[in-house]
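Each chain, written out:
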Amino acid sequence: MKSIRHQLLTRLLTGLAIGCLAVALCIYYVARTEIDELFDFALAVPDIDLSGGVGAHPSNSDMEQDFVVQFHDDDGKLSYSSQLIDSLPRVPDLGYSTVTLPSGKWRVYRAYNHGHYIQVAQSLEERRVLAADAALRTIMPLLLLLPVLGLLIWFTVGRGLRPLTHVASAVRQRTASVLNPLPSANIPIEVQPLVLAINDLLIRLSRALHGLRSFVADAAHELRTPLTAIRIQSQLVERAENNDERALAYADFRQGLDRATHLVTQLLALARHEQEREHPAWQSLDLLALARSGVAELAPLAAARDIDIGISGESAPIQGEAEALGVMICNLVDNAIRYTPEHGRVDVIVRHADAQAILEISDNGPGIAVDERERIFDRFYRSPGTRTTGSGLGLAIVKNIVLQHGASIELEDAMPEHGLLVRVRFTKSV
Ligand SMILES: Nc1ncnc2c1ncn2[C@@H]1O[C@H](COP(=O)(O)OP(=O)(O)O)[C@@H](O)[C@H]1O
Ligand SMILES: [Mg+2]
């Protein structure tokens, strides 16, 4: 597993080590140039020193080992050498030159003074060693400091990351029933976005959980009524004393079952369309064709109530989920047929306006009072005094499907006869 602490430690220490190396190399090259200049100047000592006599060559300093001083007479014969270096040749030219010997390169200065050729030589190897030594001595304290810096980084980063541990333990304390926001005071600015994002998630989670709980509670409550009715109706079937009574009780019993089945179907539809889907399986659809098949499906119900149902309009292309839109249209048409008194009228119209595809379902029933139009979309809400059986879930399902499709829904009075006009506006697809 990746560790920020490890990564920071290794990267910073590697960076520092590379930095030290670069500094050492720089010092080495600068020192080499300066040592070269300095020692070249020192090599030229015969020019200055020998005015008083040939014996005044450097003899009693530390440099004695570093320098080789040789005297040659006019014939080129070696008459004196401060060290036994046989291989050091007599250089031909006066002044500075560099010669290569088996022991390495040597820097040589040759001068003619008082009848003698004097050459002073120094191994370049020695000079390099001196430069390297200078570089090493300069960066040594820095190198010794590296482990101390490592420890400092280790503890500082550990301390800096401690708020994350606090956040983790605060998150661990959250449960399905305890979803209160994490404390965001005294949190470093770098950890703040994480805490805010978690708090945002906690709020959404708690809303979703609350919704789910109340949905389950409402559903259980609503299911209890038809189930109790079914139990009573089944007892009535058992107690029937003759065939006529039994047939009547059976009819009631079946109606009770139908109601419970309808409720469960609506509950399932609500549950299915309540989830927000990230990538809905949308396809190109024709709103008019969808409306036609919805109307055709409910034609028998309309016929049974002698409702004059008609559909008209023009094709309107939209993007959406055919099954969901079918459920939405059926719920709206079903309401229009159910809540309109017998022999009434229901009109379904599909039309365009600007970039919208519009579905309008109107009836000449009792309509919905203006102050009820907000609440009518709540689950299990039914207008007080509604006699027709139902679950109160239809418009909640419709609302969810409308939202899922990025559409909008509005309720109006149907003109000229009072009734309800439901208008759903979709974005027309091109
Ligand atoms: N076209 C309509 N005309 C009059 N009232 C309606 C109409 N549509 C819906 N309503 C009212 O809205 C309530 C909620 O409708 P809905 O959510 O479909 O549930 P359900 O139809 O199961 O009662 C209904 O009980 C009814 O009172
Ligand atoms: Mg309904």
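As the structure is a prediction and not an experimental result, all values here were calculated from the model.

**Comments concerning the packing of aromatic side chains**
Moving on, step 1. Tallied over the full model, the rule gives six aromatic pairs.
Moving on, step 2. Pairing Tyr28 with Tyr29 gives two aromatic rings, centres 5.3 Å apart and planes at 75 degrees, and the pair type is edge-to-face.
Moving on, step 3. With a relative accessible area of 49%, Tyr29 lands in the partly exposed category.
Moving on, step 4. Pairing Phe71 with Tyr80 gives two aromatic rings, centres 5.5 Å apart and planes at 80 degrees, and the pair type is edge-to-face.
Moving on, step 5. Classification of Phe71 by relative accessible area gives buried; the value is 6%.
Moving on, step 6. The exposure class of Tyr80 is partly exposed, given its relative accessible area of 32%.
Moving on, step 7. Over the face of the ring belonging to Trp154 we find Arg5, whose NZ or CZ atom lies 4.2 Å from the ring centre.
Moving on, step 8. Positioned over the ring face of Phe377 is Lys399, at 5.0 Å from the centre of the ring.

**Focus: the pairing of strand S11 (residues 408-413)**
Moving on, step 1. Where S11 lies against strand S12 (residues 420-427), six bridges are found, and the strand directions are antiparallel. By the bridge assignment for S12, Asp413 is matched with Leu420.

**A word on the domain arrangement of the chain**
Moving on, step 1. When its domains are assigned, the chain resolves into domain 1 (4-153), domain 2 (192-273) and domain 3 (278-427).
Moving on, step 2. Computed from C-alpha coordinates alone, the two centres of domain 1 and domain 3 are separated by 99 Å.

**Some details on the sheet that holds strand S3 (residues 95-101)**
Moving on, step 1. With antiparallel pairing, the five strands of this open sheet are ordered in space as S2-S1-S5-S4-S3. Each edge of the open sheet is held by one strand with a lone partner, namely strand S2 (78-81) and S3. Along the sheet, successive strands turn relative to each other by an average axial angle of 25 degrees, direction set aside.
Moving on, step 2. Two strands pair when backbone bridges link them, and strand S4 (residues 104-113) and strand S5 (residues 116-123) are joined in this way by eight bridges, in the antiparallel orientation. Within S5, the residue paired with Asn113 across the bridge is His116.
Moving on, step 3. Helix-sheet contacts for helix H4 (residues 124-160) involve S3, S4 and S5, and the interaxial angle to S5 is about 40 degrees.

**Overview of the environment of Tyr339**
Moving on, step 1. Of note, Tyr339 is situated in the loop between helix H9 (322-338) and strand S9 (345-353).
Moving on, step 2. Put simply, Tyr339 and Arg387 are 48 residues apart on the chain and 9.2 Å apart in space, counted from C-alpha to C-alpha.
Moving on, step 3. Dropping the residues within four chain positions of it, Tyr339 is found in contact with Gly365, Pro366, Arg382, Thr386 and Thr388.
Moving on, step 4. Here the side chain of Tyr339 touches Arg382 through a polar contact of 3.0 Å, side chain to side chain.

**Some points on the site of ligand 1**
Moving on, step 1. The environment of ligand 1 is made up of 18 residues, and the closest members are Tyr339, Arg382, Ser391, Gly392 and Leu395.
Moving on, step 2. One of the side-chain nitrogen or oxygen atoms of Tyr339 is found 2.6 Å away from an oxygen atom of ligand 1.
Moving on, step 3. In this structure, an oxygen atom belonging to ligand 1 sits 2.5 Å away from a side-chain N or O atom of Arg382.
Moving on, step 4. For ligand 1, whose accessible area on its own is 530 Å², the fraction buried by protein is 96%.
Moving on, step 5. In this structure, ligand 1 is accommodated by the largest pocket.
Moving on, step 6. Contributions of two or more residues to the shell around ligand 1 are made by H9 and helix H10 (394-404).
Moving on, step 7. Split into classes, the residues belonging to the shell around ligand 1 amount to eight nonpolar, eight polar and two charged.

The rules we used
Residues numbered from 1 in each chain as written. Chains lettered and ligands numbered in written order. Predicted model: local features only at pLDDT ≥ 70, side-chain atom pairs only at ≥ 80, totals over all residues. Heavy atoms only, no water. Phe/Tyr/Trp six-rings, centres within 6.5 Å; stacked < 30°, edge-to-face > 60°. Buried < 20%, exposed > 50% of the residue type's maximum accessible area, 1.4 Å probe, protein only. Lys NZ or Arg CZ within 6 Å of the ring centre and 35° of its normal. Pairing = 2+ DSSP bridges. Helix = DSSP H or I, 4+ residues; strand = E, 2+ residues; numbered from the N terminus. Domains from an automatic or database assignment. Axes fitted to C-alpha atoms, helices over the stretch in contact; angles between N-to-C directions. Contact = heavy atoms within 4.5 Å. Polar contact = N/O pair within 3.5 Å; in protein donor to acceptor, adjacent residues only side chain to side chain. Near = heavy atom within 4 Å. Areas by Shrake-Rupley, 256 points an atom, 1.4 Å probe, with all protein chains shown as cover. 1 Å grid on protein atoms, 1.4 Å probe; cavity = no way out; pocket = protein on both sides within 12 Å on 5 of 7 lines; lining within 4 Å. Sits in = over half its atoms within 2 Å of the grid points. Nonpolar A, V, L, I, M, F, W, Y, C, P; charged D, E, K, R; others polar.

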